[in-house]
Amino acid sequence: MNIYVLMKRTFDTEEKISINGGQIEEDGAEFIINPYDEYAVEEAIQIRDAHEGEVTVVSVGSEEAGKQLRMALAMGADKAVLINTEDDLKEGDPFTTAKILVQYFKDKEVDLILAGNVAIDGGSGQVGPRVAAMLDIPYVTTITNIDIDGSNVSITRDVEGDSEMIKTSLPVLVTCQQGLNDPRYPSLPGIMKAKKKPLEELELADLDLEEDDVESKTKILDIFLPPDKSAGRILEGDLTHQVQELVSLLRSEAKVI
Amino acid sequence: MGKKVLVLGEIRDGQLRNVSFEAVAAGKKVAQGGEVIGVLIGESVSVLANDLIQYGADRVLTVEDAKLFQYTPDGYSQAFMAVVEQEQPEGIVFGHTALGKDLSPKIAAKLNAGLISDATSVEEEGDTIVFTRPIYSGKAFEKIIGKEELVFVTVRPNNIESLEKDELRSGDIASVSVSITDLRTVIQDVIRKVASGVDLSEAKVIVAGGRGVKSDEGFKPLKKLADVLGGAVGASRGACDAGYCDYSMQIGQTGKVVTPDLYIACGISGAIQHLAGMSNSKVIVAINKDPEANIFNVADYGIVGDLFEVVPMLSEEIKRLKAAQP
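None of these values were measured; they are calculated from a predicted model. (Residues numbered from 1 in each chain as written. Chains lettered and ligands numbered in written order. Predicted model: local features only at pLDDT ≥ 70, side-chain atom pairs only at ≥ 80, totals over all residues. Heavy atoms only, no water.)

Q: Hey, could you run me through the pairing of strand β8 (residues 112-116) of chain A in this one?
A: Sheet faces and side chains relate simply in a regular strand, where the side chains alternate between the two faces. All names here are of chain A. Among the five residues of β8, five are classified as buried, and the element is accordingly described as predominantly covered. Residues L112, L114 and G116 of β8 are buried on one face, and the alternating residues I113 and A115, pointing to the opposite face, are buried as well. Relative to β8, strand β1 (residues 2-6) runs parallel, the two being bridged by four bridges. Paired with L6 across the strands is A115, a residue of β8. Taken together, the five bridges between β8 and strand β12 (residues 172-176) define a ladder with parallel strand orientation. Bridge assignment links L112 to a residue of β12, and that residue is V172. (Buried < 20%, exposed > 50% of the residue type's maximum accessible area, 1.4 Å probe, protein only. Helix = DSSP H or I, 4+ residues; strand = E, 2+ residues; numbered from the N terminus. Pairing = 2+ DSSP bridges.)

Q: Would you mind showing me how to read the UniProt feature "domain: Electron transfer flavoprotein alpha/beta-subunit N-terminal" (unreviewed entry) in chain A here?
A: Those places that UniProt annotates as "domain: Electron transfer flavoprotein alpha/beta-subunit N-terminal" (unreviewed entry) correspond, in this numbering, to residues 21-211 of chain A. Span residues 21-211 of chain A is 29% helix and 31% strand, its end C-alpha atoms 25 Å apart. (UniProt positions renumbered as here; feature names shortened; annotations may be inferred.)

Q: What am I meant to see in the environment of D290(B) here?
A: Looking at where D290(B) falls in the secondary structure, it is placed in the loop between β17 (283-288) and β18 (301-304). A C-alpha to C-alpha distance of 8.2 Å links D290(B) and S269(B), two positions 21 residues apart in sequence.

Q: Which parts of the structure should I look at to understand the domain arrangement of chain A?
A: How big an interface is tends to be stated in terms of the accessible area lost upon association of its parts. In terms of domain boundaries, chain A breaks down into domain 1 (2-214) and domain 2 (231-257). Its C-alpha centre places domain 1 of chain A at a distance of 47 Å from the equivalent point of domain 2 of chain A. (Domains from an automatic or database assignment.)

Q: Quick question: what am I supposed to make of the sheet that holds strand β8 (residues 121-125) of chain B here?
A: Pairing between the strands of a sheet comes from backbone hydrogen bonds, and it takes one of two forms, parallel or antiparallel. In spatial order, the strands read β14(A)-β10(B)-β9(B)-β8(B); together these four strands make up an open sheet with antiparallel pairing. Taken across any chain shown, the strands that pair with only one partner, and hence form the sheet edges, are β14 (218-224) of chain A together with β8 of chain B. Across the sheet, the mean angle from the axis of one strand to that of its neighbour is 30°, orientation sign disregarded. With five bridges joining them, β8(B) and strand β9 (residues 128-135) of chain B adopt antiparallel strand pairing. (Axes fitted to C-alpha atoms, helices over the stretch in contact; angles between N-to-C directions.)

Q: What am I meant to see in unusual backbone geometry here?
A: Backbone phi values are negative for most residues with the exception of glycine, while trans is the configuration of most peptide bonds. At the junction of L170(A) and P171(A), the peptide bond is cis and its omega measures out at -10° in the coordinates. Position of P171(A) relative to the elements: it lies in the loop between β11 (162-169) and β12. Although it is not a glycine, Y136(B) adopts a positive phi angle of roughly 50°. Topologically, Y136(B) is positioned in the loop between β9 and β10 (140-146). In the Ramachandran plot, N158(B) falls in the positive-phi region, its phi being about 75° despite a non-glycine side chain. Among the structural elements, N158(B) can be located in the loop between β11 (151-155) and β12 (172-175). On the accessibility criterion, N158(B) (6% relative accessible area) is buried.

Q: Help me out: how do you make sense of the packing of aromatic side chains in this one?
A: A ring pair, where both rings are aromatic, is described by two values, the distance of the centres and the angle of the planes. Tallied over the full model, the rule gives eleven aromatic pairs over all chains. Here the aromatic rings of F224(A) and F141(B) are separated by 5.7 Å at their centres, their planes lie at 20°, and the arrangement is stacked. Within this pair, whereas F224(A) is found in strand β14, its partner F141(B) is found in strand β10, the two belonging to separate chains. Accessibility expressed as a relative area gives 25% for F224(A), which makes it partly exposed. The structure contains a cluster of three or more aromatic residues connected by ring pairs, namely Y4(A), Y104(A) and F105(A). The positively charged end of K108(A) is found above the aromatic ring belonging to Y104(A), 4.1 Å away from the centroid. The positively charged end of K217(A) is found above the aromatic ring belonging to F95(A), 4.6 Å away from the centroid. (Phe/Tyr/Trp six-rings, centres within 6.5 Å; stacked < 30°, edge-to-face > 60°. Lys NZ or Arg CZ within 6 Å of the ring centre and 35° of its normal.)

Q: What should I look at first to understand the domain arrangement of chain B in this one?
A: Residues and elements named next belong to chain B. As far as domains go, chain B holds domain 1 (4-175) and domain 2 (200-324). Each of domain 1 and domain 2 has a C-alpha centre, and these two points are 31 Å apart. Counting residues at the interface gives eleven residues for domain 1 and twelve residues for domain 2. In total, about 1000 Å² of surface goes out of reach between domain 1 and domain 2, with carbon and sulfur atoms giving 32% of it. For domain 1, the biggest contributors to the area lost against domain 2 are S137, R156 and N158; these three give 53% of the whole. Summed over the shared surface of domain 1 and domain 2, the result is one salt bridge. (Contact = heavy atoms within 4.5 Å. Buried area = accessible area lost by both parts, 1.4 Å probe. Salt bridge = Lys/Arg side-chain N within 4 Å of Asp/Glu carboxyl O.)

Q: How do you make sense of the packing of helix α3 (residues 94-105) of chain A against helix α4 (residues 127-135) of chain A when you look at a structure like this?
A: Residue and element names in this part refer to chain A. Contact geometry of α3 with α4 gives a least axis separation of 9 Å together with a crossing angle of 45°. In terms of orientation, α3 and α4 fall into the oblique class. For the pair α3 and α4, the crossing hand works out as right-handed. The segment α3 lies against α4, with P94, F95, T97, A98, K99, L101, V102 and F105 engaging V127, R130, V131, M134 and L135. Its residues placed into classes, the contact of α3 with α4 shows ten nonpolar, one polar and two charged. (Parallel < 35°, antiparallel > 145°, perpendicular 65-115°, else oblique. Left-handed = near helix turned anticlockwise from the far one by under 90°. Nonpolar A, V, L, I, M, F, W, Y, C, P; charged D, E, K, R; others polar.)

Q: What is the right way to read the side chain of R59(B) from this model?
A: Residues and elements named next belong to chain B. Locating R59 in the fold gives a position in strand β5 (residues 59-64). According to the relative accessible area criterion, R59 is buried, its value standing at 17%. Separated by 2.6 Å, the side chains of R59 and E35 make a polar contact. Not counting residues up to four positions away in its chain, the partners in contact with R59 are K4, E35, V36, I37, G38, I53, E87 and D172. (Polar contact = N/O pair within 3.5 Å; in protein donor to acceptor, adjacent residues only side chain to side chain.)

Q: Looking at this structure, how should I read a nonpolar patch on the surface?
A: All names here are of chain A. Residues L188, I191 and M192 make up a contiguous nonpolar surface patch of about 300 Å² in total accessible area. Among the secondary structure elements, M192 is positioned in helix α5 (residues 188-194). Given a relative accessible area of 48%, M192 falls into the partly exposed group. (Patch = residues over 30% accessible without salt bridge, like charges linked within 9 Å, V, L, I, M, F, W, Y side chains within 5 Å. Areas by Shrake-Rupley, 256 points an atom, 1.4 Å probe, with all protein chains shown as cover.)

And the structure:
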């Protein structure tokens with residue numbers, strides 16, 4: 001089975017965000033595999049181990065994403081592909097990324113594509129379904145379970161807390177939701193092996209794409225931080241009094257009850 | 001010149017969701033004086049068309065087919081694209097719900113269009129419509145515009161105010177016929193896990209529990225408080241990881257991002273991971289035994305105390321108040 005994972009390098013979930021010159025400050029920040037993409041890598045490895053085949057992890061981004069691709073290889077993926085847009089693109093949006101990926105998949109035989117359901121930085125959740133739509137294959141988002149039997153696929157999907165049981169067939173693209181699995185930590189032998197695994201690097205020209213073909217459809221005008229909240233009020237006095245005061249504040253000051 | 005804007009109405013349990021009325025309000029802004037057309041898709045949906053009109057749509061188009069009784073990306077995209085082809089809109093607005101998130105990228109791909117997901121505000125700046133959307137799980141925001149004629153946006157529930165309902169308002173209701181071809185994904189069953197009728201992402205009030213709740217049993221007083229306030233119950237990752245509740249209740253970086261009017265955090269320490277999911281709530285109340293807990297740094301009001309003492313007292317006090325001055 002030819003299994004592909006769409007992976008994005010993102011800020012560590014615990015990082016504090018600051019802005020410098022209208023951009024998110026990246027200096028000194030820790031970067032990780034987007035947490036939802038980590039579920040995708042783990043699931044891809046488990047499916048390969050159960051059904052045989054090969055797992056290729058693909059990332060569109062900068063040179064630095066190589067580090068997260070090596071991490072995915074250390075977890076157990078077989079091959080990695082970095083589509084490096086650093087020199088070609090100043091800005092991109094989900095359309096840009098999807099278009100590049102679709103061009104990459106054009107001459108590939110694909111059985112299964114896994115992606116995260118959303119990236120925790122940009123937060124659009126568009127790339128997976130866009131890629132599936134452009135490749136004209138079905139997709140199922142926010143999955144919490146997947147079983148493959150021949151070309152039949154049974155999926156459980158999280159829909160705002162409810163579960164949908166879905167039947168579909170290969171080829172299919174799925175996006176992963178928390179609860180799908182517990183991603184493994186790379187083992188030391190895994191990390192050693194990863195160094196020898198292939199990491200192919202491509203640029204737009206290698207995919208016969210020009211900058212204009214993938215020009216973003218949206219434009220970011222400004223990035224800003226939410227206004228600082230002034231320190232809240234810690235109520236005082238005995239508990240009964242505090243509760244009464246809280247309720248009265250919620251009604252008369254905050255006007256929310 | 002105004003734009004012609006399509007707004008998808010989303011139906012749950014036979015009712016239009018609030019976010020659909022909010023989407024109509026957003027559609028009005030995108031239209032800049034142009035026409036807002038509500039779109040309803042399903043097996044039998046025309047009875048709800050007047051609701052969309054009363055909340056501001058100028059007219060409504062329905063697409064009805066037995067194959068559309070449940071949402072599937074293939075079925076709904078065929079239905080919606082039939083409307084797009086007929087109307088040639090210059091704007092499209094969906095709610096940023098499970099359905100909206102799933103369907104909008106497919107429609108955008110089919111139209112080779114840009115898509116601005118999860119907008120929390122829509123503003124006119126001169127002739128341009130500027131959207132604000134959270135990034136980095138709400139730790140920052142961006143202002144963003146579409147570069148092309150067609151503006152396509154999904155709006156986050158609870159952020160854009162719907163228009164006042166006008167029962168005298170009327171508009172044309174027509175159907176669009178489409179033959180739905182094969183559906184490549186088929187829903188075999190739906191398992192309902194969310195017990196209460198109030199959806200976390202649309203709830204005006206959320207009472208959330210953390211590790212301090214200590215057990216699944218410990219969520220009971222929180223549920224009672226939520227019921228008194230007509231709200232929903234949420235949880236921190238810690239509480240979910242500890243097995244006190246289902247992951248469907250999780251609020252945070254992984255999990256749901258919520259922006260209710262009132263968020264009551266009970267026994268939640270306030271890890272960054274959790275704050276990313278709720279810190280944009282309008283009013284935050286923290287109840288925690290530990291006066292040093294990080295949650296107090298984002299709270300508007302804090303009570304240092306045992307949640308098992310405070311929460312029931314709070315329920316009683318609010319009940320008393322509501323009985324006296326509803």
